[in-house]
Amino acid sequence: MAFSSTLSPPSYSCFSNNVDSISKKTFLFSQSSSKLSFLNRSSISRLGCVSNGVRTRSLRGRVFASIADISLEKSVEAVSLPKGDMWSIHKFGGTCVGTSERIQKVAQIIVNDSSEGKVVVVSAMSKVTDMMYNLINKAQSRDDSYIAALDDVLEKHKLTAHELLEGNDLLKFISRLHDDIGNLKAMLRAIYIAGHATESFSDFVAGHGELWSAQILSAVVRKLGVDCNWMDTREVIIVNPTSANQVDPDLEVSENSLEEWYSKNPSKTIIATGFIASTPKKIPTTLKRDGSDFSAAIMGALFRARQVTIWTDVDGVYSADPRKVSEAVILNTLSYQEAWEMSYFGANVLHPRTIIPVMRYDIPIVIRNIFNLSAPGTIICRPTADENGDSQGMSSIVKGFATIDNLALVNVEGTGMAGVPGTASEIFGTVKDVGANVIMISQASSEHSVCFAVPENEVKAVADALESRFRQALGAGRLSKVEVIPNCSILAAVGQKMASTPGVSATLFNALAKANINIRAIAQGCSEYNITVVLKREDCIRALRAVHSRFYLSKTTIAMGIVGPGLIGATLLDQLRDQAAVLKEKFNIDLRVMGITGSKKMVLSDLGIDLSRWREELKEKAEEANMEKFTQHVHGNHFIPNTALVDCTADEKIASHYLDWLRKGIHVITPNKKANSGPLKQYLKLRALQRQSYTHYFYEATVGAGLPIISTLRGLLETGDKILRVEGIFSGTLSYIFNNFIEDRAFSEVVTEAKNAGYTEPDPRDDLSGMDVARKVIILARESGLRLELSDIQVDSLVPEPLKSSASAEEFLRRLPEFDQEIAKKRLDAEAAGEVLRYVGVVDAVQNKGFVELRRYKKEHPFAQLSGSDNIIAFTTTRYKEEQPLIVRGPGAGAEVTAGGIFCDLLRLASYLGAPS
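Going by what an unreviewed UniProt entry lists, the chain is known as ACT domain-containing protein and is assigned to Papaver somniferum. The heading Subcellular location (unreviewed entry) in the UniProt record of the chain holds the text "Plastid, Chloroplast". UniProt, in its Function (unreviewed entry) section for the chain, records the words "Bifunctional aspartate kinase and homoserine dehydrogenase that catalyzes the first and the third steps toward the synthesis of lysine, methionine and threonine from aspartate."

Written as C-alpha cells, this is what we have:
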C-alpha cells in the first residue's frame with residue numbers, strides 16, 4: 001500500500017536509520033517516487049505495502065531488497081490477537097482533542113482506564129478536517145491561497161507538538177509532519193493544475209488530521225508511562241463503497257487485516273485513527289459522515305469489546321434538543337433501535353450506521369461527557385426485561401423526541417391511483433432518478449393519495465420530474481395534482497415500548513391539539529418504534545415543547561401577556577409574583593409574563609418579566625403601547641408552546657380582539673364583561689370557536705369576582721340538570737349600600753360613604769344605573785341557553801332621572817340628597833312588613849327573560865342576611881327546588897378576590913394543558 005510516508009511513517013525512518021548502503025541520491029529518488037505514486041491511482045495498486053520497514057513486493061529491486069533483508073533479520077514470531085471483554089473502546093471527537101490541554105486530559109483518561117486492553121479512536125483536532133477540505137476546494141478552484149492555508153495546518157500541529165512532546169518523540173513527529181505536508185503540497189499542486197479532485201484524492205487529503213492526532217496522542221500516552229502503538233486504520237478497516245455516498249465495512253476482511261497488524265504491533269493500548277479506511281484495492285477512503293464514531297463501532301466489533309465509549313461535550317443523550325426544550329433530561333438508557341430512530345430524525349446521538357456493527361455482537365455504547373466525568377452518561381444497549389430500572393411512566397414509554405427542519409411535503413393525488421399496481425413504484429422511482437432523499441412516506445388506505453417529505457432544496461426538482469413523468473395521467477385526469485407544501489418540519493416521538501402500550505398516539509396528538517398545532521401528515525411503522533408527524537415549520541419548536549411537557553411532566557409553561565396593569569391587573573401581578581416559586585416546585589407550572597401593556601405604554605421581555613420589579617420595568621423600559629406588536633411578541637415566542645392573554649380592563653375595544661386571539665391559538669382569560677354581554681352574534685362566535693378548537697376562553701371573574709358562579713352553572717348543565725331561575729345580588733357595591741341603608745341613615749350618606757371607601761366606580765352612577773348587574777344577568781342568561789340581547793334586560797335604575805345628566809360625579813353626589821325621601825319611603829314600607837330592600841338580578845329561564853330591580857325580601861331570607869359587600873346567588877333547577885335552591889355566597893367585589901378569580905382561571909388553563917392537578 002504505497003500510499004505515502006503518511007500511510008506508513010516507519011518506512012522513512014527505516015530508510016534513513018538502517019540502510020547505510022543506500023546513497024543519498026537513491027534515497028531521494030525512492031522518496032520522490034513515493035510522492036509521485038499519489039498522483040496516479042494505478043500506481044497505488046502496483047506498489048507494495050510498507051509497514052515497519054517491510055515491503056511485500058519489490059520495486060526498484062536493489063533498494064527495497066536490502067530493506068527487506070534488514071527487516072527480516074528483525075522479524076519476530078507472530079502474536080495472536082486476543083478478543084473479548086478484556087478490550088474497551090474509547091472514541092474522542094475533534095472537540096475532545098482540540099487543544100494541547102484537552103489532549104493531555106484524554107491521555108489521562110486512557111491511563112486511568114483499568115481495562116486490560118484499550119483501543120482509542122481519535123478524530124482530527126477540532127476544525128482540522130474542515131481545514132483539509134478547504135485546501136481541496138481552494139486547490140481545485142485554482143486559488144493560490146491554498147499554500148498559505150496548508151502552512152496554517154502545519155503550524156497548528158507543530159505548535160501542539162511542541163507544547164506536548166519532547167526529545168526523540170518530538171523530532172520524529174515533526175519530521176513525519178514535514179514529510180506529510182510536502183506530499184500534500186505535491187498532491188494539491190496536481191489538483192490545482194487539473195482543476196478537479198477525484199473522490200480518492202479528496203479522501204486521502206482529508207484523512208491526514210486523524211493521522212497526526214493519533215501520533216501526537218500516542219506519544220503523550222507513552223510519556224505518561226504506558227506503552228502503546230498507534231494504528232493507521234487504513235491498514236485494518238476495509239470497506240466497500242456503496243451508491244449512496246456511504247461505505248459498508250467488510251468485517252471478515254478487516255478481521256484478517258487486524259490479525260496481521262496486531263501480530264506485528266502487539267500492544268494492550270492502541271491509538272487508532274478514526275474516519276479513515278481503505279477499499280479492497282487498498283485505496284484510501286473515509287467513512288463519510290460521523291466517520292470516527294463508525295470507526296469506533298467497527299473496532300468494537302473487530303475486538304469483540306466489552307463496550308464502546310463515545311466521549312463528547314454533553315452529559316449523554318437528551319430526551320429532546322436542550323437548546324429548544326430547556327427541561328430536556330438525560331436518558332439513562334436507550335435500546336439500539338431507539339438510538340437508531342432518534343439519530344435518523346436528527347437527534348445528536350450517533351449516526352444510524354454507527355450502531356450496526358455493535359448490535360451484531362450486543363456491545364453496549366456509552367455516551368459520556370469529557371468535561372463532566374462525574375456524569376454517568378447514556379448507555380445504548382439491548383434492553384433488559386426491567387428496562388434497567390427505568391420507571392414505567394410515560395417517559396419510559398416515549399424515550400425522546402427529535403425534529404428535522406427545512407422540509408417540503410409532496411402530495412400526489414388522484415382517483416386513478418386506487419387499485420393500480422406499480423403507481424407507488426413509479427412515483428418513488430422518479431424521485432430516485434432525481435437523487436432526492438425521501439425522509440417520510442404516508443399513504444391513505446384508499447390509495448387515493450400518497451405524500452412524502454423531501455428536503456426543501458430538492459423539492460422543485462422532484463415536483464418537476466413527477467409532473468413530467470405523469471404528464472399524460474394529469475392531462476387525462478387520472479391524477480388530479482402533484483402538490484408541493486413548503487415550509488414543513490418533522491417531529492418524531494421515539495420509544496421501543498410504544499408498541500405494547502395503548503394510548504401513546506392519543507396522548508401525543510392530544511398534546512399537539514391543546515397547543516393548537518395542526519398536523520399535515522402522519523406516519524407510523526408496524527414496529528411502532530416511532531410516530532412521525534409533519535407540521536408547519538413555525539410550529540415545530542412549540543410542538544416539541546408541548547409533547548415533551550406532556551410525556552416528561554416538565555413544567556407546563558404558559559407565555560402570558562397582561563393587558564391593563566390597573567388595580568386588578570396590578571394585584572394579579574403581585575399574586576403571581578408571590579406564588580410563582582410554589583407553582584414551579586410543587587405543581588410544575590411556569591406562568592411566565594412576557595409583556596404588560598396599558599393604554600399608553602407597554603414593556604416586553606424575551607425571557608419573562610421579573611415580577612419583583614414589574615412596576616420599575618414598566619417605568620424604565622416602557623415603549624409606546626401597540627396591541628398588534630404586543631400580541632405578536634407574547635405569542636411569537638416559539639420556545640413556549642402555550643400563550644394566554646389576560647384582559648384586566650373593562651374596555652370594549654380590547655374585548656373586540658378576543659375572536660382574533662382565539663383564532664391564532666391564544667388562550668384568553670378575563671374579568672371584562674364587555675365581550676360576553678355585547679352583541680349576541682359576537683358572543684355566539686366566541687363560544688363556537690372555543691368549542692371547535694383546543695383554545696380556551698375563561699371568564700369566571702366576569703360574574704361574582706372570585707366566586708365559582710359560572711363554573712357552578714356549567715357543572716349543573718353538563719350533568720343534565722335544567723336551569724329554571726338564577727337570582728342574586730351580583731353587585732358588591734350595591735350589596736354594601738343596602739346592607740348599610742338601615743335605621744335613619746340617608747341613602748345619599750351611604751352612597752358617599754361607599755365611594756369614599758373605594759367600593760364604587762369613580763362615578764357612582766355607573767353602579768347605581770344597574771347596567772353592571774344587567775351585564776352579569778345577560779352573561780348568566782346566555783350561559784343558561786337563553787338567546788337574549790342586553791337591550792332585552794329590563795333594568796330598574798337607582799339614579800334619579802333628573803340626575804342622569806349631571807355634569808360630574810361631584811355634582812351628582814351634591815344633589816343626590818334631594819331624592820333621599822323617595823327611596824327612604826320604600827325602605828320604611830319594607831321594614832313595616834318585616835322585609836328588607838335588596839338590588840337583584842334575575843334570569844327567568846322558564847319565561848325566557850331577565851331583569852334587574854329593587855326587591856323586598858323577608859328578614860329570614862338568605863338575601864336579607866348578607867353583610868359588607870358580599871354577593872349571593874341562588875340557582876333554582878329541576879334538582880334544586882325553589883324552597884331550597886343551590887346557593888353560592890361570598891365576597892363579590894374588590895381587587896384581591898377578582899384577581900384571585902383570574903388566577904384560578906389561569907391554573908385551570910394550566911391543568912387543561914397537562915399540569916398535574
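**Side note on the packing of helix H19 (residues 504–514) against helix H20 (residues 540–552)**
A pair of packed helices can be characterised by two numbers: the angle between their axes and the separation between those axes. Interhelical geometry of H19 versus H20 gives an angle of 130 degrees and a closest axis separation of 8 Å. Relative to H20, the element H19 lies oblique. Like other packed secondary-structure pairs, H19 and H20 cross with a definite hand, here right-handed. Listed contacts from H20 to Val-504, Thr-507, Leu-508, Ala-511 and Leu-512 of H19 are Ala-543, Ala-546, Val-547, Arg-550 and Phe-551.

**So, the pattern of salt bridges**
Note on pairing: side chains with opposite charge can pair once their charged atoms come close. Counted according to the given criterion, the structure contains 51 salt bridges. Here Asp-321 ties to Arg-323 by a salt bridge, and the two come within 2.9 Å at their closest N and O atoms. Among the ionic pairs, Asp-405 bridges to Lys-324, the shortest N-O distance being 3.7 Å. Taken together, the residues Asp-405 in strand E15 (residues 400–413) and Lys-324 in the loop between strand E11 (307–312) and strand E12 (333–335) connect sequence positions 81 residues apart. What makes Lys-324 buried here is its relative accessible area of 17%.

**Comments concerning the sheet that holds strand E19 (residues 521–524)**
Read across the sheet, six strands follow the order E16-E17-E15-E18-E20-E19 without closing on themselves; strand pairing throughout is antiparallel. Because the sheet does not close on itself, it has two edges, and the strands there are strand E16 (440–443) and E19. Going from strand to strand, the sheet's axes swing by 30 degrees on average, the running direction of each strand aside. By the bridge criterion, seven bridges tie E15 to strand E17 (residues 449–455) in an arrangement that is antiparallel.

Reading the values: the criteria
- Residues numbered from 1 in each chain as written.
- Predicted model: local features only at pLDDT ≥ 70, side-chain atom pairs only at ≥ 80, totals over all residues.
- Heavy atoms only, no water.
- UniProt positions renumbered as here; feature names shortened; annotations may be inferred.
- Axes fitted to C-alpha atoms, helices over the stretch in contact; angles between N-to-C directions.
- Helix = DSSP H or I, 4+ residues; strand = E, 2+ residues; numbered from the N terminus.
- Parallel < 35°, antiparallel > 145°, perpendicular 65-115°, else oblique.
- Left-handed = near helix turned anticlockwise from the far one by under 90°.
- Contact = heavy atoms within 4.5 Å.
- Salt bridge = Lys/Arg side-chain N within 4 Å of Asp/Glu carboxyl O.
- Buried < 20%, exposed > 50% of the residue type's maximum accessible area, 1.4 Å probe, protein only.
- Pairing = 2+ DSSP bridges.

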